Amino acid sequence: MKKTIFAFIFLTSFSFVCADKIKINMRLNTRIFDEKNRLEITKTQKKDEKNQTQKFRFEFDAISGASTFRAVKNLREMQKIDSKTAFPDSLLSLLLFSTSDFRFLKEDSFFLNEQNGKIEIFFAHRKNAYKIITDEKGRANVWNDFFVSQIADGKDGVFSVKDEYVSPTGQILFDSIPFENEKADESISHVFSGILKFAFKKGILSVSGTLEKVPFQKPPKEEEKSDSPERNEPASEVEAESKEIVQR
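All of the points below concern the structure found in this document. Source: prediction; values computed, not measured.

1. Side note on the packing of helix 1 (residues 71-79) against helix 2 (residues 89-97)
Here's step 1: Remark: helix 1 packs on helix 2, axes separated minimally by 11 Å, with the N-to-C direction vectors making an angle of 150°. Accordingly, the angle class assigned to the pair helix 1 and helix 2 is roughly antiparallel. As helix 1 packs across helix 2, the resulting crossing turns out to be right-handed. Of the residues in helix 2, those touching helix 1 at A71, V72, L75, R76 and Q79 are D89, L92 and L96.
Here's step 2: Taken together, the residues that form the contact of helix 1 with helix 2 break down as 5 nonpolar, 1 polar and 2 charged.

2. Here we look at the environment of F179
Here's step 1: Relative to the helices and strands, F179 resides in the loop between strand 15 (158-161) and strand 16 (180-181).
Here's step 2: Taking the C-alpha atoms as reference, F179 lies 9.9 Å from I151; in sequence the two are 28 residues apart.
Here's step 3: The residues touching F179, leaving out its near neighbours within four places in the chain, are F122, A129, Y130, K131, F147, V148, S149 and F174.

3. Concerning the side chain of N29
Here's step 1: Along the polypeptide, N29 turns up in strand 2 (residues 21-29).
Here's step 2: At 2.9 Å, the side chain of N29 forms a polar contact with the backbone nitrogen of R31.
Here's step 3: Dropping the residues within four chain positions of it, N29 is found in contact with D34, N37, F102, L105, G203 and I204.

4. Topic: the pairing of strand 2
Here's step 1: Relative to strand 3 (residues 38-47), strand 2 is paired through 7 bridges, and the arrangement is antiparallel. Across the sheet, N25 pairs through a bridge with E40, a residue of strand 3.
Here's step 2: Note: strand 2 against strand 19 (residues 204-215), 9 bridges, orientation antiparallel. For R27, the partnering residue across the bridge sits in strand 19 and is S206.

5. A few points about the nonpolar core
Among soluble globular proteins, nonpolar side chains are generally buried collectively.
Here's step 1: Counting residues in each nonpolar core, the largest one holds 46 residues, and the members touching the most others are L94, I121 and F198.
Here's step 2: Top element by residues in this core is helix 2. It accounts for 6 residues.
Here's step 3: Among all residues touching I121, those that are not within four sequence positions of it are L94, F110, F111, L112, Y130, K131, I132, F198 and L205.
Here's step 4: Listed in part, the 15 residues of the second largest apolar core include I151, V166, I172 and F174.

6. Comments concerning the sheet that holds strand 13 (residues 146-150)
Here's step 1: Here we have 5 strands laid out as an open sheet, ordered 9-10-11-13-16, and antiparallel in their pairing. The open sheet has two free edges, formed respectively by strand 9 (111-115) and strand 16, since each of these has just one partner strand.
Here's step 2: Sheet topology places strand 11 (residues 128-133) next to strand 13; 5 bridges connect them, and they run antiparallel. Looking across to strand 13, one finds that A129 is bridged to S149.
Here's step 3: Running at roughly 90° to strand 10 (residues 118-125), helix 2 makes contact with strand 10, strand 11 and strand 13 of the sheet.

7. Looking at unusual backbone geometry
Only a minority of non-glycine residues have a phi that is not negative, and only a minority of peptide bonds are not trans.
Here's step 1: Residues other than glycine seldom take positive phi values, yet S109 does so here, at roughly 55°.
Here's step 2: On the secondary structure map, S109 appears in the loop between helix 3 (103-107) and strand 9.
Here's step 3: You will see that R126, though not glycine, has its phi angle at about 55°, which is positive.

Calculation criteria
Each chain carries its own residue numbering, running from 1 in the written order of its sequence. Local features in a predicted model are, by the rule used here, given only for residues with pLDDT of at least 70; side-chain atom pairs are given and counted only at 80 or more, and totals for whole chains, interfaces and linings are based on all residues. Each side-chain value is worked out from all heavy atoms of the structure, with water and hydrogens disregarded. Here the axes come from fitting lines to C-alpha atoms, over the contacting stretch only for helices, and the angles between their N-to-C directions go from 0 to 180 degrees. We count a stretch as a helix when DSSP gives it H or I for four or more residues in a row; a strand needs E for two or more, and each element gets its number in order from the N terminus. Each angle gets one of four labels, with under 35 degrees taken as roughly parallel, over 145 as roughly antiparallel, 65 to 115 as roughly perpendicular, and the rest as oblique. Should the near helix be turned counterclockwise from the far one by less than a right angle, the crossing is left-handed, whereas a clockwise turn marks it as right-handed. For this analysis, residues touch if any pair of their heavy atoms sits within 4.5 Å. Residues are grouped as follows: nonpolar covers Ala, Val, Leu, Ile, Met, Phe, Trp, Tyr, Cys and Pro; charged covers Asp, Glu, Lys and Arg; every other residue, Gly included, is treated as polar. Contacts described as polar in this section are N or O atom pairs within 3.5 Å, which, within protein, must combine one atom able to donate a hydrogen with one able to accept it, while residues neighboring in sequence count only if both atoms come from side chains. Any two strands with at least two DSSP-identified bridges between them are counted as paired. What we call a nonpolar core is a set of buried Ala, Val, Leu, Ile, Met, Phe, Trp, Tyr and Cys residues that are connected through their side-chain atoms within 4.5 Å. Buried, partly exposed and exposed residues are distinguished by accessible area as a fraction of the type maximum, computed with a 1.4 Å probe on protein chains only: under 20%, between the cut-offs, and over 50%, respectively.

Below is the structure:
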């Protein structure tokens, strides 16, 4: 059974560039629509040897049907350094859930499993499936614990998930997907790095922590790698049913 994904783009404008640190505080009710869902961002930028701080709060506006302060474009701007992705798309998409209509969780096949403090999150957005995992203390490294896999082909904003990743009833089979770590473009000068803290209680997912802009270190070439386990890491370590997935 083919699974069809539709993508729509909201037009937004705002300036979020040039951050040196990004503090994140997200609340997301994964079970029902909740007006308390929110995303708070504190952006710190050093200018003239002084730290300048700006605070932003994004929410879903039920009247307009969109996020407040045009969260989609603002957060995409924040994610970019040298016009390249400086932290994983899986993290960006997760954050946007807290600023979007609750229906997106179902349409993106959002699934969360928590056991003994360890949290696993799965969802599909446009052509990709994403996975985020934490340790037993709910901690996730931005470049080690965020994963991606292309599961769909598409054209003109409509994507069909490959048959091998969809059950006969239309569910995405996340256990069958070959995920890989999300990686930064090797030509990027800096990335955002850090450890985020995840917590899940009574259906409420919270994510908090600070990402810091650090120089990007290219991964060693095959012949230069040691016998130690490979880590996709920058310079500083600081089954849901759906027929359509709609891009925020």
